[in-house]
Amino acid sequence: MDESTVTQDFSIRACWMKRGQQRRLPAPPGANAFHHVIGALNWRSQQVDYTLVKTKNSETFIEFLEHLLEGAYPQKRFVLVMDNAPWHRSHAVQAMLSLYESRVLVIWLPPYCPMLNPIERFWRHMKDTAYANTLYKSMNNLLDKVQQVLSAQNTINHPLRLNFVA
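Residues numbered from 1 in each chain as written. Predicted model: local features only at pLDDT ≥ 70, side-chain atom pairs only at ≥ 80, totals over all residues. Heavy atoms only, no water.

## Focus: the side chain of Q8
Condition: Secondary structure elements are taken from DSSP: a helix is a run of H or I of four residues or more, a strand is a run of E of two residues or more, and numbering for both begins at the N terminus. By the criterion applied in these results, polar contacts are pairs of N or O atoms within 3.5 Å in which, for protein atoms, one can donate a hydrogen and the other can accept it, and in which residues neighboring in sequence qualify only through two side-chain atoms.
When you line up the elements, Q8 lands in the loop between β1 (2–7) and β2 (34–42). From its side chain, Q8 meets the backbone oxygen of Y136 in a polar contact 3.2 Å long.

## Let's talk about the packing of helix α4 (residues 119–130) against helix α5 (residues 139–153)
Test applied: Note on definitions: angles span 0 to 180 degrees between N-to-C directions of axes, and those axes are lines fitted to C-alpha atoms, for helices only across the stretch in contact. Throughout this description, any angle smaller than 35 degrees is read as roughly parallel, any larger than 145 degrees as roughly antiparallel, any in the 65 to 115 degree range as roughly perpendicular, and the remainder as oblique. When the near helix sits turned anticlockwise from the far one by under a right angle, the crossing is termed left-handed; a clockwise turn instead gives a right-handed crossing. By definition in these notes, contact holds between two residues if any of their heavy atoms fall within 4.5 Å. Here the nonpolar group is Ala, Val, Leu, Ile, Met, Phe, Trp, Tyr, Cys and Pro; Asp, Glu, Lys and Arg are the charged ones; every other residue, Gly included, is treated as polar.
Running from N to C, α4 and α5 cross one another at 130 degrees; their axes reach a closest spacing of 9 Å. On the basis of the axis angle, α4 is oblique to α5. Judged by the sense of rotation from one axis to the other, the crossing of α4 with α5 is right-handed. Residues F122, H125, M126, T129 and A130 of α4 form the contact with α5, whose participating residues are K145, V146, V149, L150 and Q153. Here the contact of α4 with α5 is composed, by residue class, of 6 nonpolar, 3 polar and 1 charged.

## Some details on the pattern of salt bridges
Stated formally: What counts as a salt bridge is simple: a side-chain nitrogen of Lys or Arg found within 4 Å of a carboxyl oxygen of Asp or Glu. Working definition: with a 1.4 Å probe on protein chains only, accessible area under 20% of the residue-type maximum means buried, over 50% means exposed, and in between means partly exposed.
One pass over the full model with this rule turns up 1 salt bridge. In this structure, R124 and D128 form a salt bridge, with 3.2 Å as the shortest nitrogen-oxygen distance. You can see R124 and its partner D128 sitting in helix α4, 4 residues apart, about one turn around the helix. In this structure D128 comes out as partly exposed when scored by relative accessible area, which is 33%.

## Here we look at the packing of aromatic side chains
Cut-off, in case you're wondering: Aromatic contacts are taken between Phe, Tyr and Trp rings whose centres are within 6.5 Å, Trp giving its six-membered ring; a plane angle under 30 degrees counts as stacked, one over 60 as edge-to-face, and the others as tilted. Consider the ring centre and the ring normal. A charge sits over the ring if Lys NZ or Arg CZ is within 6 Å of that centre and within 35 degrees of that normal.
For the structure on display, the rule yields 3 aromatic pairs. For the cation-ring pair, R89 lies above W108, with the distance from its terminal atom to the ring centre recorded as 3.8 Å.

## Section: a negative patch on the surface
We apply this condition: Residues with no salt bridge and a relative accessible area higher than 30% make up the patches, which join like charges within 9 Å and nonpolar side chains (Val, Leu, Ile, Met, Phe, Trp, Tyr) within 5 Å. What sets the accessible areas is the Shrake-Rupley method with a 1.4 Å probe; for residues, cover comes only from the shown protein chains. Positive residues here are Lys and Arg, negative ones are Asp and Glu, while His and the chain termini are left out of the count. Where a charge lies is defined by one atom per residue type: Lys uses NZ, Arg uses CZ, Asp uses CG and Glu uses CD.
Taken together, E59, E63, E66 and E70 make up a surface patch of like negative charges. Within the secondary structure layout, E59 lies in helix α1 (residues 58–72).

## Some details on the environment of A132
The topology assignment puts A132 in the loop between α4 and α5. Here A132 falls in the buried class, since its relative accessible area comes to 13%. Between the C-alpha atoms of A132 and W16, which are 116 residues apart in sequence, the distance is 14 Å.

## Some thoughts on the pairing of strand β4 (residues 78–82)
Look at any regular strand and the pattern is simple: side chains alternate between the two faces of the sheet. The condition that has to hold: Between any two strands, at least two bridges found by DSSP are needed for them to pair.
The buried fraction of β4 is high, at 4 of 5 residues. With 5 bridges connecting them, β4 and strand β5 (residues 104–108) associate as parallel partners. Bridge pairing in β5 links V79 to L105.

Keep in mind these values describe shape, not function.
See below:
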């Protein structure tokens, strides 16, 4: 479980250019515009539950946890792999998690070890697929593409789906 930031200030990835010619990339309009995706990867099904939010804080994180624990999987047991973001460690989040301690096991990652969180691989895939080296005219267009990639992950045999096993 983790968050990722979606911004019009696109990710630049490796690309081919003719020798002596450098690819020019225009400055994105509204480069300061951004949204966040809070997501949880179901390791067995390889599906991602997610929500788009304007801010990352304890309140939005708790709302997402409630969505998972009460709405999407009301009777399931969980193993949550989380980093040490301040909103994950807040008193409000700890109190909320204590209400579900019979169903939830939290594994706290060591500091500065995002590679240990399985969802980080999906965030990289999402950014590569949705907006690396791509300039969108508006934040809404970018968010549409991000949601397309997120939906594809939840559709078996979709060409945009990331296969974690391979």
